[in-house]
Number of protein chains: 2
Amino acid sequence: MNDVARAAGVSLKTVSNVLNDYEFIRPATKQKVLDAIAELGYEANLTARSLRSGKTRMLGLVLSDLSIPYYGELASRLMTVAASRGYRVLVEQSGGVAGHELSALQGPFRQLTDGLLFTPLTLDVDTIAAHQGIKPIVMLGEHIADPRFDLVTMKNAEAAEAITAHLLAGGRRRIAVLGATAGATTDSPGLRLNGYRKALEAAGAEFDPALVVQCDWRRDGGASAVGSLLDSGVRFDAVFGLNDVMALGALHELLVRGIRLPDDVAVAGFDDIDEARFASPALTTVSPGMEEIAERSIKLLIDRIEGVETASEGLHIEAGFELKVRDSAP
Amino acid sequence: MNDVARAAGVSLKTVSNVLNDYEFIRPATKQKVLDAIAELGYEANLTARSLRSGKTRMLGLVLSDLSIPYYGELASRLMTVAASRGYRVLVEQSGGVAGHELSALQGPFRQLTDGLLFTPLTLDVDTIAAHQGIKPIVMLGEHIADPRFDLVTMKNAEAAEAITAHLLAGGRRRIAVLGATAGATTDSPGLRLNGYRKALEAAGAEFDPALVVQCDWRRDGGASAVGSLLDSGVRFDAVFGLNDVMALGALHELLVRGIRLPDDVAVAGFDDIDEARFASPALTTVSPGMEEIAERSIKLLIDRIEGVETASEGLHIEAGFELKVRDSAP
DNA sequence: CGCAACATTTACAACGTTATAGAATAGTGG
DNA sequence: CCACTATTCTATAACGTTGTAAATGTTGCG
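Computed from a prediction, not measured in an experiment: that's the story for all the values here.

J.: Talk me through the pairing of strand 6 (residues 175-180) of chain B; I want residue IDs and the actual numbers.
T.: Residue and element names in this part refer to chain B. Burial within strand 6 is extensive, with six of its six residues counted as buried. Here strand 6 pairs with strand 8 (residues 238-241) via four bridges, running parallel. Bridge pairing in strand 8 places isoleucine 175 opposite alanine 238. Of the strand pairs in this sheet, strand 6 and strand 7 (residues 212-214) are connected by three bridges, and their pairing is parallel. Looking at the pairing, leucine 178 lines up with valine 213 of strand 7. Crossover strand 6 to strand 7 through helix 10 (residues 188-203) is right-handed.

J.: Give a description of the sheet that holds strand 6 (residues 175-180) of chain A that names residues and reports values.
T.: All names here are of chain A. A sheet is described by the order of its strands in space; here four strands give the open sequence 7-6-8-9, paired in parallel fashion. Bordering the open sheet on either side are strand 7 (212-214) and strand 9 (266-268), each of which pairs with just one other strand. Here the average twist between neighbouring strands, direction ignored, is 20°. Helix-sheet contacts for helix 10 (residues 188-203) involve strand 6, strand 7 and strand 8 (238-241), and the interaxial angle to strand 6 is about 165°. Helix 12 (residues 244-256) contacts strand 6, strand 8 and strand 9 of the sheet and is inclined by roughly 160° relative to strand 9.

J.: For the protein's contact with DNA strand D, give the residues involved together with the corresponding values.
T.: For DNA strand D, the set of nearby residues contains 24 residues, the closest of which are A:Ser16, A:Tyr42, B:Thr14, B:Thr29 and B:Arg52. What you see for DNA strand D is that sugar and phosphate hold 61% of its atoms within 4 Å of the protein. Interatomic distance of 2.7 Å between a side-chain N/O atom of A:Ser16 and a phosphate oxygen of DNA strand D. B:Arg52 is positioned with one of its side-chain polar atoms (N or O) 2.7 Å from a base nitrogen of DNA strand D. Breaking the surface near DNA strand D down by element, the ones donating at least two residues are helix 2 (12-19) and helix 4 (46-53) of chain A together with helix 2 (12-19) and helix 4 (46-53) of chain B. Of the residues in the surface near DNA strand D, the class split is ten nonpolar, seven polar and seven charged.

J.: Could you give an account of the domain arrangement of chain A, naming the residues involved and the relevant values?
T.: Considered domain by domain, chain A is made up of domain 1 (2-44), domain 2 (55-154 + 290-319) and domain 3 (156-287). Taking only C-alpha atoms into account, the centre of domain 1 of chain A sits 62 Å from that of domain 3 of chain A.

J.: Summarise helix 10 of chain B; cite the residues concerned and give the values.
T.: Residues and elements named next belong to chain B. If you check helix 10, its first and last C-alpha atoms are 23 Å apart, about what 16 residues at 1.5 Å a residue would give, namely 22 Å. Within the sequence span of helix 10, burial applies to Ser188, Pro189, Gly190, Arg192, Leu193, Gly195, Tyr196, Ala199 and Leu200. Buried positions along helix 10 lie against strand 5 (150-154), helix 9 (156-169), strand 6, strand 7 and strand 8. Looking at the residues trailing helix 10, positive phi occurs at glycine 204, about 70°.

J.: Before we move on, can you summarise the packing of helix 9 of chain B against helix 10 of chain B with the specific residues and values?
T.: Residues and elements named next belong to chain B. Look at helix 9 against helix 10: their axes get within 7 Å of each other, and the N-to-C directions meet at 40°. Taken together, the axis directions place helix 9 and helix 10 in an arrangement best described as oblique. Note on packing geometry: the crossing formed by helix 9 with helix 10 is right-handed. Between helix 9 and helix 10, the residues in contact are Asn156, Ala157, Ala160, Glu161, Thr164, Ala165 and Leu168 and Ser188, Leu191, Arg192, Gly195, Tyr196, Lys198, Ala199, Leu200 and Ala203, respectively. Here the residues of the contact of helix 9 with helix 10 are counted per class, giving nine nonpolar, four polar and three charged.

J.: Explain the protein's contact with DNA strand C to me, and be specific about the residues and the numbers.
T.: Of all residues adjacent to DNA strand C, which total 25 residues, the nearest are A:Thr14, A:Thr29, A:Arg52, B:Ser16 and B:Tyr42. Of everything in DNA strand C that lies within 4 Å of the protein, sugar and phosphate atoms constitute 64%. B:Lys13 is positioned such that a nitrogen or oxygen atom in its side chain is 3.1 Å from a base nitrogen of DNA strand C. B:Asn20 has a polar side-chain atom sitting 3.3 Å from a phosphate oxygen of DNA strand C. The set of elements that each furnish at least two residues to the surface near DNA strand C consists of helix 2 and helix 4 of chain A together with helix 2 and helix 4 of chain B. Of the residues assigned to the surface near DNA strand C, the class counts are ten nonpolar, seven polar and eight charged.

J.: Which residues make up the pairing of strand 1 (residues 58-63) of chain B, and what values go with them?
T.: Residue and element names in this part refer to chain B. Here strand 1 lies mainly inside the structure; six of its six residues are buried. The two faces of strand 1 match: Met58, Gly60 and Val62 on one face and Leu59, Leu61 and Leu63 on the other face are all buried. Here six bridges tie strand 1 to strand 2 (residues 88-93), and the two strands are oriented parallel to one another. Each bridged residue has a counterpart across the sheet, and for leucine 63 the counterpart in strand 2 is glutamine 93. Taken together, strand 1, helix 5 (residues 69-84) and strand 2 form a β-α-β motif whose crossover is right-handed.

J.: Describe the interface of chain A and chain B, and please don't skip the residues or the numbers.
T.: Counting from both sides, the interface comprises 45 residues of chain A and, opposite them, 45 residues of chain B. Both faces considered, chain A and chain B share a buried interface measuring about 3600 Å² in area, 61% of it formed by carbon and sulfur atoms. At the boundary of chain A with chain B, the tally comes to four salt bridges. For the salt bridge of B:Glu92 with A:Arg88, the shortest nitrogen-to-oxygen distance reads 3.1 Å. Summed over the shared surface of chain A and chain B, the result is 13 residue pairs in polar contact (both at pLDDT 80 or more). Counting residues per element, the ones that place at least two in the side of chain A that touches chain B are helix 4, helix 5 (69-84), strand 2 (88-93), helix 7 (108-111), helix 11 (219-231) and helix 12 of chain A. Along the lines of polarity and charge, the residues of the side of chain A that touches chain B split into 21 nonpolar, 14 polar and ten charged.

J.: Got a sec to walk through the relation of the copies chain A and chain B? Specific residues and values, please.
T.: Overlaying chain A with chain B gives an RMSD of 0.1 Å, the required rotation being 180° about an axis along which the chain moves by 0.0 Å. Classification of the inter-copy transformation places it as that of a two-fold axis. When you check the interface residues of chain A against chain B, 100% turn up at the interface there too, and the contact is symmetric in its surfaces.

J.: Quick rundown of the sheet that holds strand 2 of chain B? Include the residues and the values.
T.: Residue and element names in this part refer to chain B. Here we have six strands laid out as an open sheet, ordered 2-1-3-4-5-11, and parallel in their pairing. Every interior strand has two partners, whereas the edge strands, strand 2 and strand 11 (316-319), have only one. Going from strand to strand, the sheet's axes swing by 20° on average, the running direction of each strand aside. Judged from the three bridges that link them, strand 3 (residues 115-118) and strand 4 (residues 137-140) form a sheet pairing that is parallel. Looking across to strand 4, one finds that leucine 117 is bridged to valine 138. The sheet contacts of helix 13 (residues 290-305) involve strand 1, strand 3, strand 4, strand 5 and strand 11, and relative to strand 5 the element is tilted by about 175°.

J.: Now, about unusual backbone geometry: what can you tell me, with residues and values included?
T.: Excluding glycine, residues mostly have negative phi values, and the peptide bonds linking residues are mostly trans. Residues and elements named next belong to chain A. In this structure, the amide linkage connecting leucine 261 to the following residue, proline 262, adopts the cis form with an omega of 0°. One non-glycine residue, aspartate 21, lies in positive phi territory at about 55°. Looking at where aspartate 21 falls in the secondary structure, it is placed in the loop between helix 2 and helix 3 (27-40). Residue aspartate 21 is classed as exposed on the basis of its relative accessible area, which comes to 60%.

What counts, and at which threshold
- Residues numbered from 1 in each chain as written.
- Chains lettered and ligands numbered in written order.
- Predicted model: local features only at pLDDT ≥ 70, side-chain atom pairs only at ≥ 80, totals over all residues.
- Heavy atoms only, no water.
- Buried < 20%, exposed > 50% of the residue type's maximum accessible area, 1.4 Å probe, protein only.
- Helix = DSSP H or I, 4+ residues; strand = E, 2+ residues; numbered from the N terminus.
- Pairing = 2+ DSSP bridges.
- Right-handed = clockwise from strand over helix to strand, strands pointing away.
- Axes fitted to C-alpha atoms, helices over the stretch in contact; angles between N-to-C directions.
- Contact = heavy atoms within 4.5 Å.
- Near = heavy atom within 4 Å.
- Polar contact = N/O pair within 3.5 Å; in protein donor to acceptor, adjacent residues only side chain to side chain.
- Nonpolar A, V, L, I, M, F, W, Y, C, P; charged D, E, K, R; others polar.
- Domains from an automatic or database assignment.
- Expected span 1.5 Å × (residues − 1).
- Parallel < 35°, antiparallel > 145°, perpendicular 65-115°, else oblique.
- Left-handed = near helix turned anticlockwise from the far one by under 90°.
- Buried area = accessible area lost by both parts, 1.4 Å probe.
- Salt bridge = Lys/Arg side-chain N within 4 Å of Asp/Glu carboxyl O.
- Least-squares fit on C-alpha atoms with pLDDT ≥ 70 in both.

Quick look at the structure:
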C-alpha cells in the first residue's frame, strides 16, 4: 500500500480511503490511486485488514460431516449465497461429537469467523447458551427451539404430516417409521414423528409403537432397521424414513429381500437429496426448501453481524416445503 | 497477551516464547506463564499471528461443487487429515467455470491459504503455470500431468482396465461407455477410456465408437445418455459409467425402461461413492483409494509449505485402487 | 479581501503477534 | 574470584491495515 501511495503521490491513508469508498475524495485523486493500484497489481492484505477491523468476513458452518449428502448440498448452497454477499464459509465437521461441537463454539475456529451457522447434534441448548460467546450464532436444523437463539429450520412436523397423509391417502395403514429417537419432541426426529402421529390421528388410523424403529441416521441404519423389522415379523405396508438416506437404505434392503415396491411396501423419505430422484424406484420424499433455508440463514446471520438485525429475541424462521411424489409411493 | 505477561510477571516476549515452545525457558517460568494463561482464559489471536508470521495455517481446496458426492467425501476426508496436522481447509467452489478457477488461483482466496489443493476442470496447465504464484499447489485429479506440478491422483487407466476386464470376464462383449470427452487423453475421462480400450484389446474384443457416449458427468447426464443409446437402437450388454453418479443415473434409466439388471445389461461405475453400495442392484465399481489420496496429498502439500519437501520437479503420486464387485455386474 | 464552512488529505497511533538483537543471569574452568 | 560461555529473558521494531483527529485546500459570501 505504501508503494501505491508513493506511485500515486498521495498518502497511505488516501489509498486506504479509496479502497474503502470513502465519500470525500476528489475524482482525480481517486483515479490516480486506482491507476497506481492497477499498475502495481496491488491487492489489499486481508489478514492485516482483519487484525485492524476485527472482522474476517468469514462465516463458520458447523455440521457433522460433509460426506452426508444433505450437508454437502447445504454447504454448497450456503457458500454460494454467502459469496454473493462478500463472505466466505469455513466448515468445521463435528462428527456429531459433543467435544468437537463445543470446541467449534469456543475454540480458535470461532476467532476465525464473524458468526456461526450451527447445527448442534449433541449439545443441549443450555450448554450452548453458556458458551455462545459474543458473536452472532444462527441455529440450523431443529434441535434448538429457544428464544435465546436465532433459528432457521424447515417445517418438520407439517412436512412429515403431509407425507404421512399422502401414504394414508394411498391406502397404506401400517406405516413403519425409521430413525425415531427416544424422548425429545423438539428435535427433528421428534417433530417429524409428531407430524406422522398427527396425520394418523386425522385419518383415524391406529398408532402402533412397534412400527417406530430407532436407528442411525445413515444408509446402513435404515437398511438394518427395516431388516430387523422384517425379521421380527411385524407387518407393515409402508416405510417412512425420517431422512432420505435411511429411506434409501431401507429401499435397497427391501428390494434385496424380494419385496415389490411400491406394491407390497411403499417407501417415503425426507430431504429430497439429489439422489432420491434417481433411486429405483424413484423415492417419494419431501423437499425442505433448502434454497430458502440457505438464503434466509445467511441473510439473517450477516444482518446480525453487520448490526442490521437487532431484535433482542431470537428470530425463528421456517422455510416452506414441497411434497415430491415419485414411484416409491405414488 | 499483555495481561498474561503482567500476571505472570514476565515480558510479553516470554509469553510468546512459551506459546511457541521456545527451547530456552526455565520450567518454573514456563509454569508461571501457563498458570496465568489458564487463569485469564487467554487465547492467542490468530489473525495477529498470521499477519506477523505470514502463515494462516489454512489450506485452500478448489473443486467444482461440494454437492457432488465424490467431492463431498473428498473434502470431508481432507479436512479430517488436515486437522490432524493442525491445519484447516477452506473450500472454494469453482462450478467448473474457468473464471472462478482463475480467481481461486490468484484472488484473495489465495492470500487466505498457505497452499492449494487444486482440482482444475477447465484451466489448462500453461494458464495455471502462468498464474500459480509463489505458494505451493498440489493438483488433485487427472487433468494435469506436468513436471511443473505436484500431483496426487488415482490409477485411472489401470482401474478402468480392471473393471472393463471384469465385465469382459463376465461374458460381456458390447460395453457402452458413458461420459467420454472429445480429444484429451490425459484427463480422467481420457485415461479411463484408454484403460477401457486396453482391456478390450487384451481380450480380443472389438472397439466400437458407437458405444462411446459423451455426456455431463452427472446423474441426469448418465440417465439421458443411456436413454439415447437405447433409442438409437445400438445394442449393448454392459454399461461402464466413467463415474458412479453417471452409472447410477444410467442404472435408474435402464430399470425404468424395464431392462433387467444384470441379466440384460450389466452396469459398472467408477469412484465407489457411499451410495454405490446401496443402489438396487448394488453398483459394481472401483474404489480409487480416497483415503490414501487424502492422506498423501495433505502430507505433500504441508511438506511443501513447511519446506520439508524440496524436490524441484513435481512429484506424481498414484494411489492404489480396489475393484468392488457387486450385483449390478457380478 | 477576509473568513466561515465545508471538502479533501494527512500524520500518527493502534490492532496483537513474532523476529532481532542485545541485556541479564547462571554456570564453568582456571 | 574472575573471565568467559551458555542459558534465559526483554526492549524495540516490525507485519499492513484503518480510526482519530488535526492539517490543509477550496468555495462562497458579505
